[in-house]
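Read off the chains here:
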Amino acid sequence: MAEIVSITHLKAGDKAPLFSASDQNGKLISSAQLKGKKFVLYFYPNDDSETCTKEACNFRDNYSLLKKNGYTIIGVSHAPVISKKKFADKYKLPFTLLADTDLKIVKDYGVYGDKLFMGRIITTIHRITFIVNEKGIIDRVITKVTSGNAAKQILEKLL
């Protein structure tokens, strides 16, 4: 059985969809607050799962370098605020995690759909990263994220 791949409809040059959701501290965060800033919006399926933790910790370990290059890091999944808080605290994540409990952001970004997982098809959030510039335009879409090298994938065109 071939893997089902969900590739977002968005591409470099597209305007990034607007969003708002609560972060791990219950604070409402919106794309309007990011106007004039470069940001990385990375989507992941679950808090505290092995691969998602590896990706989040890679961002944590490279946070100062990402920040030095002007990036604000924002992770998005469907889990509620309390799950985001536990995940951020457990791994000392210094960046924003958004609770997209109504799946609006993941659907707007086209990262929610079917996937083959452990021999069965599930509907989930796909691990896809968007790099958005100061004008709110998508500069790059990374569809084949390598969790242990997620930060390097973002910075590779800069280094």
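Just above, that's the structure.
Residues numbered from 1 in each chain as written. Predicted model: local features only at pLDDT ≥ 70, side-chain atom pairs only at ≥ 80, totals over all residues. Heavy atoms only, no water.

Visitor: Whenever I open this one, the packing of aromatic side chains confuses me. Can you help?
Guide: The description of two aromatic rings rests on the distance between their centres and on the angle between their planes. This structure, assessed with the given rule, holds eleven aromatic pairs. On the numbers, 6.1 Å between centres and 40° between planes, the contact of tyrosine 44 with phenylalanine 87 is tilted. On the criterion of sequence distance, the pair formed by tyrosine 44 in the loop between strand S3 (38–43) and helix H1 (50–61) and phenylalanine 87 in helix H3 (residues 81–91) is long-range, its members being 43 residues apart. The class of tyrosine 44 is buried, set by a relative accessible area of 0%. (Phe/Tyr/Trp six-rings, centres within 6.5 Å; stacked < 30°, edge-to-face > 60°. Helix = DSSP H or I, 4+ residues; strand = E, 2+ residues; numbered from the N terminus. Buried < 20%, exposed > 50% of the residue type's maximum accessible area, 1.4 Å probe, protein only.)

Visitor: What exactly am I supposed to notice about H3 here?
Guide: Residues spaced three or four apart along an α-helix face the same direction, because each turn holds 3.6 residues. Listed in full, the buried residues belonging to H3 are Lys84, Phe87, Ala88 and Tyr91. The arc that holds the buried residues of H3, viewed along the axis, is 95°, so those residues lie on one side. Exposed residues pointing more than 90 degrees away from the buried face of H3 are listed as Ile82, Lys86 and Lys90. In the core, the buried residues of H3 are packed alongside H1, strand S4 (71–77) and strand S5 (96–99). Following H3 by one or two positions, lysine 92 adopts a phi angle in the positive range, close to 50°. (Arc of directions from axis to C-beta. Contact = heavy atoms within 4.5 Å.)

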